Amino acid sequence: MSEETIVLRGKLFTKSFALGEGEEVVVGRGEKADIQIFEGELSRRHCAFYRRKGIVRVRDLKSSNGTSVNGKRVKNAPLHDGDEVGLGDLQFTFTTVREGKRSSTTAVSAAFVNRSSGAWQMQVNVLYGAVRALVAAIEAKDEYTRGHSERVTEYALTMARHFDLSDRKTNTLELAGFLHDIGKIAVPESILHKPGRLTDEEFEVIKTHPRTGHDILRQMDGTETLAETVLHHHERWDGKGYPDGLAGPDIPLLCRLLAAADTFDALGSKRPYRDRIAQEAVLAEIERNAGSQFDPEVVEALLKEAKAGRICVEADHARQPTLETPTVRQP
């Protein structure tokens, strides 16, 4: 790894960026920040990271809620591997060591912005606004969706590290994770919240949500791949899924990742019609269905990440959802 690259690693979010001698990267909100943090309590120019004589330092830019290093408020301080950097209540570990390609979300939803591209910044803001509106719409109908969508996104991105996705595909997977259930806005609440088993007719209504989500997302320019990913997230490896009965590698990889992540969280969550299932039993069930319901390689990735402790549905249910906006990487 280049000595000019540094990393900020949060609980769910890892961001690496180049920082050459004499260069500065500003963190905050709005067009005056190089790393966008869409968090209402942060200043528009919260702090700056810069390198001088080979040492990386952080400088507070008169932020209203302060910058800290290892719990102490600072105005200007050097950083070393393992230092805990606080932007108000948001905590990151500073390091020069990257772990694979993991990149996910937190209340700190960030976009690394091209400093010369006002058009890109406008696109990011419009996209975030649309995502917030869509998630708020479905959340108003089904409170379960917010936490579920965030966890599905995290699990899918964690598994994706095994498949060497491009930034563009990773962006699509992340947005699709948050929005995969948006089509349920058209499903009656009596079905969504039914405490007992669904009838065949009610299940047919539920099965319409991927196509409804696809149709909603296609209304926005440039979302064809996102819409297709949402459309096929309930397809099965054996071709017995819906809505189009795609099978095997004909199912896009992003959809296969979402399918496993979706089931993993659904089984590990308390639902109106049953209690939560322990993670060990959930993993056993998914492994049993590798090659029928799920892509075997995706299941292998899920099992590896769970064994390593990077995926744990029980721990994730213990914390509150933190979604503000998704992380969008510069293409």
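Quick caveat, the model's predicted, so the values are computed rather than measured. (Residues numbered from 1 in each chain as written. Predicted model: local features only at pLDDT ≥ 70, side-chain atom pairs only at ≥ 80, totals over all residues. Heavy atoms only, no water.)

A. Geometry of the pattern of salt bridges. With the rule as written, the count across this model stands at twelve salt bridges. The salt bridge partner of Lys184 is Asp181, with a shortest N-O separation of 3.7 Å. When salt bridges that share partners are traced, they join Arg161, Glu305 and Arg310 into one network. (Salt bridge = Lys/Arg side-chain N within 4 Å of Asp/Glu carboxyl O.)

B. Focus on the pairing of strand 11 (residues 90–95). Here strand 1 (residues 5–9) pairs with strand 11 via three bridges, running antiparallel. For Leu8, the partnering residue across the bridge sits in strand 11 and is Phe94. Here strand 10 (residues 84–87) pairs with strand 11 via four bridges, running antiparallel. Within the sheet, the bridge partner assigned to Glu84 lies in strand 11 and is Thr93. Taking the residues that link successive antiparallel strands as the turn, the strand 10-strand 11 hairpin has two residues, and the phi of Gly88 there is positive, at about 65°. (Pairing = 2+ DSSP bridges. Helix = DSSP H or I, 4+ residues; strand = E, 2+ residues; numbered from the N terminus.)

C. Main features of the side chain of Ser68. With respect to the helices and strands, Ser68 occurs in strand 7 (residues 67–69). Excluding residues that lie within four positions of it along the chain, Ser68 makes contacts with Arg73, Val74, Glu84, Val85 and Gly86. (Contact = heavy atoms within 4.5 Å.)

D. Spotlight on the packing of helix 6 (residues 209–217) against helix 7 (residues 224–231). Interaxial distance between helix 6 and helix 7 falls to 8 Å at its minimum, and their mutual angle equals 170°. Taken together, the axes of helix 6 and helix 7 lie roughly antiparallel to each other. Counted together, Pro210, Arg211, Gly213, His214 and Leu217 of helix 6 and Leu226, Ala227, Glu228, Val230 and Leu231 of helix 7 form the full contact between these two elements. Broken down by class, the residue content of the contact of helix 6 with helix 7 amounts to six nonpolar, two polar and two charged. (Axes fitted to C-alpha atoms, helices over the stretch in contact; angles between N-to-C directions. Parallel < 35°, antiparallel > 145°, perpendicular 65-115°, else oblique. Nonpolar A, V, L, I, M, F, W, Y, C, P; charged D, E, K, R; others polar.)

E. Representation of unusual backbone geometry in the model. Between Tyr242 and Pro243 the backbone carries a cis peptide bond, its omega angle lying at 10°. Inspection of the secondary structure puts Pro243 in the loop between helix 7 and helix 8 (253–267). Phi is positive for Asn70, close to 55°, though the residue is something other than glycine. For Asn70, the position within the fold is in the loop between strand 7 and strand 8 (72–74). Exposure remark for Asn70: the relative accessible area of 45% places this residue in the partly exposed category. (Buried < 20%, exposed > 50% of the residue type's maximum accessible area, 1.4 Å probe, protein only.)

F. Geometry of the nonpolar core. If you look at the biggest cluster of nonpolar residues, it comprises 35 residues, and the most contacted ones within it are Met159, Leu173, Leu257 and Phe264. Among the secondary structure elements, those contributing two or more residues to this core are helix 2 (144–160), helix 3 (167–179), helix 7, helix 8, helix 9 (279–288) and helix 10 (296–307). Grouped together as the second largest cluster of nonpolar side chains are 21 residues, Leu42, Phe49, Val69 and Leu79 included. (Core = buried A, V, L, I, M, F, W, Y, C linked by side-chain atoms within 4.5 Å.)

G. Expanded view of the packing of aromatic side chains. For the structure shown, the criterion picks out two aromatic pairs. Residues Tyr155 and Phe264 carry aromatic rings whose centres are separated by 5.1 Å and whose planes lie at 85° to one another, so their mutual orientation is edge-to-face. Linking Tyr155 in helix 2 with Phe264 in helix 8, this pair joins segments that are 109 residues apart in sequence. Each member of the pair, Tyr155 together with Phe264, is buried. With a centroid separation of 6.3 Å and an interplanar angle of 85°, the aromatic rings of Phe203 and Tyr242 are classed as edge-to-face. Note that Phe203 is positioned in helix 5 (residues 200–206) and Tyr242 in the loop between helix 7 and helix 8, a separation of 39 residues in sequence. The buried category is assigned to Tyr242, whose relative accessible area is 13%. (Phe/Tyr/Trp six-rings, centres within 6.5 Å; stacked < 30°, edge-to-face > 60°.)

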